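Residue-level listing of the chains:
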Amino acid sequence: MNTLVWELSKPTLLLAGFALAGTLLLAGVHTVTAKQIAESERQALLTRINTLVEASRYDNNPLEDTLSLAATELNSSEPVLVYRLRKQNQPVAAVFTTTTPDGYSGNIRLVVGVNADQTLAGVRVLAHKETPGLGDWIDVEKSDWILGFSGKSLQNPTETAWSVKKDGGEFDQFTGATITPRAVVAAVKQVLVWSGQHTDTLFAPSTGKQP
C-alpha cells in the first residue's frame with residue numbers, strides 16, 4: 001500500500017519541487033535585478049546632481065546626506081528631498097527635487113541647485129506633460145531657457161521681479177505658453193525663499209538618511 005501511495009504521489013512531489021525551485025529562482029533574479037535598478041537610479045541621480053554642481057566641488061556622498069521636507073513647505077505636490085553637498089564638512093550647495101502642480105498639463109518635476117551663497121547652481125526639468133512645441137521649451141534639450149536661472153538669486157533679480165514678463169517680472173515666457181514658464185519660475189523662487197529662510201536647517205549635520 002505504501003509503495004502504491006509513493007508511486008501515486010511522485011508526480012505531485014516533482015511538480016511541487018519544480019514550483020519551489022522556480023519560485024526561488026525568480027526571487028533570486030528579482031533581488032539581483034532590483035539591486036541593479038536601484039544602483040542605476042542612484043548613478044542617474046548623481047549625474048543629475050553633477051550637472052548642476054561639479055563633482056570636484058564636494059567630497060561627501062549627497063545620496064547619503066539628505067533632508068526630507070513636507071510638500072507643503074515648498075508648495076510642492078510631492079514631498080521634497082534635498083541632497084546636501086559639502087567639502088571638508090563645509091556647505092557647498094543643496095539640490096532640491098520639487099514638483100509644481102501648476103503646469104498647463106499638470107505636474108512639472110524639477111531639480112533645483114542652490115549654492116551656499118544662495119545663488120542658483122542651476123535648474124533642470126525631470127518630468128512634465130506640457131504641450132509639445134509650446135510648454136516643452138522648459139526642456140534643456142528643446143531650448144536654453146532653463147539655463148537662464150544659473151547664477152540668479154533673490155537679489156538678482158529682486159524678489160518682486162521673480163515672475164514672467166507678462167506678470168511684470170524679468171523672465172521670458174514662451175509664445176502661446178505663459179502658464180508653463182510661470183509655474184517653473186514660481187517653483188524656483190519658492191526654493192530660493194525657503195533656502196534663504198532655513199540655512200541653518202538646510203546645512204545641519206547629516207543624519208545619514210538614505211534617499
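You'll find the structure just up there.
Predicted, not measured: the structure shown is a model, and the values here were computed from it.

*Asks:* I'm lost on the pattern of salt bridges in this one. Help?
*Replies:* For side chains of opposite charge, pairing can occur when their charged atoms come near one another. Taken as a whole, this structure holds 6 salt bridges when the rule is applied. The salt bridge partner of aspartate 65 is arginine 84, with a shortest N-O separation of 3.1 Å. Taken as a pair, aspartate 65 in the loop between α1 (2–52) and β1 (66–69) and arginine 84 in strand β2 (residues 80–87) lie far apart in primary sequence, 19 residues in all. With respect to burial, aspartate 65 and arginine 84 carry one shared label: buried. Two residues, aspartate 65 and arginine 86, come together in a salt bridge whose shortest N-O distance is 2.6 Å. A residue pair is termed long-range when its members are at least 10 positions apart, and aspartate 65 in the loop between α1 and β1 and arginine 86 in strand β2 qualify at 21 residues. Per residue, the accessibility class of aspartate 65 equals that of arginine 86, and both read buried. Where salt bridges share partners, they join Asp65, Arg84 and Arg86 into one cluster.

*Asks:* Even after reading the chapter, I still don't get unusual backbone geometry, so can you show me in this structure?
*Replies:* What is expected of a backbone is that most residues other than glycine have negative phi and most peptide bonds are trans. Cis rather than trans, the peptide bond between asparagine 156 and proline 157 has omega equal to 0°. Inspection of the secondary structure assignment puts proline 157 in the loop between β5 (120–127) and α2 (179–197). Phi at asparagine 89 takes a positive value of approximately 70°, unusual for a residue other than glycine. Mapped onto the elements of the fold, asparagine 89 is located in the loop between β2 and β3 (90–103).

*Asks:* Whenever I open this one, the layout of surface pockets confuses me. Can you help?
*Replies:* Rolling a probe over the atoms, with the probe sized like a water molecule, indicates the empty space that remains. Here the second largest pocket defines a volume of roughly 160 Å³. Lining the second largest pocket, in full, are Arg48, Thr51, Val111, Arg124, Val125, Leu126, Asp139, Val140 and Glu141. Breaking the lining of the second largest pocket down by element, the ones donating at least two residues are α1 and β5. Ranked by residues supplied to the lining of the second largest pocket, first place goes to β5 with 3 residues. In the lining of the second largest pocket, the residues fall into 4 nonpolar, 1 polar and 4 charged.

*Asks:* What's the story with the sheet that holds β3 in this structure? I'm lost.
*Replies:* Ordered by their spatial adjacency, 5 strands build an open sheet running β1-β2-β3-β4-β5, and the pairing between neighbours is antiparallel. Edge positions in the sheet fall to β1 and β5, since each has one partner strand and no second. The average undirected angle you get between the axes of adjacent strands in this sheet is 20°. In the sheet, β2 pairs with β3 via 7 bridges, with the strands oriented antiparallel. Looking at β3, one finds that leucine 81 is bridged to threonine 97.

*Asks:* How do you make sense of α2 when you look at a structure like this?
*Replies:* Because an α-helix packs 3.6 residues into every turn, residues spaced three or four apart end up facing the same way. Over its 19 residues, α2 extends 27 Å from the first C-alpha to the last, a length consistent with the 27 Å expected when each residue adds 1.5 Å. Among all positions in α2, only Thr180, Pro181, Ala183, Val184, Val185, Ala187, Val188, Val191, Leu192, Val193, Trp194 and Ser195 are buried. Where α2 is buried, its residues meet β1, β3, β4 (106–115), β5 and α3 (199–202).

*Asks:* In this structure, what is going on with the nonpolar core? I would like to understand it.
*Replies:* Within soluble globular proteins, side chains that are nonpolar generally end up buried alongside one another. Residues Phe96, Val112, Phe149, Trp162 and Val184 are the most contacted members of the largest nonpolar core, which totals 35 residues. For this core, the secondary-structure elements that each account for two or more residues are β1, β2, β3, β4, β5 and α2. Ranked by residue count, the leading element in this core is α2, at 9 residues. Core analysis: the next-biggest nonpolar cluster, separate from the first, contains 15 residues, Val53, Leu63, Val92 and Ala93 among them.

Rules used in this analysis
Residues numbered from 1 in each chain as written. Predicted model: local features only at pLDDT ≥ 70, side-chain atom pairs only at ≥ 80, totals over all residues. Heavy atoms only, no water. Salt bridge = Lys/Arg side-chain N within 4 Å of Asp/Glu carboxyl O. Helix = DSSP H or I, 4+ residues; strand = E, 2+ residues; numbered from the N terminus. Buried < 20%, exposed > 50% of the residue type's maximum accessible area, 1.4 Å probe, protein only. 1 Å grid on protein atoms, 1.4 Å probe; cavity = no way out; pocket = protein on both sides within 12 Å on 5 of 7 lines; lining within 4 Å. Points joined across faces, edges and corners; volume = space filled by probe spheres on them. Nonpolar A, V, L, I, M, F, W, Y, C, P; charged D, E, K, R; others polar. Pairing = 2+ DSSP bridges. Axes fitted to C-alpha atoms, helices over the stretch in contact; angles between N-to-C directions. Expected span 1.5 Å × (residues − 1). Contact = heavy atoms within 4.5 Å. Core = buried A, V, L, I, M, F, W, Y, C linked by side-chain atoms within 4.5 Å.

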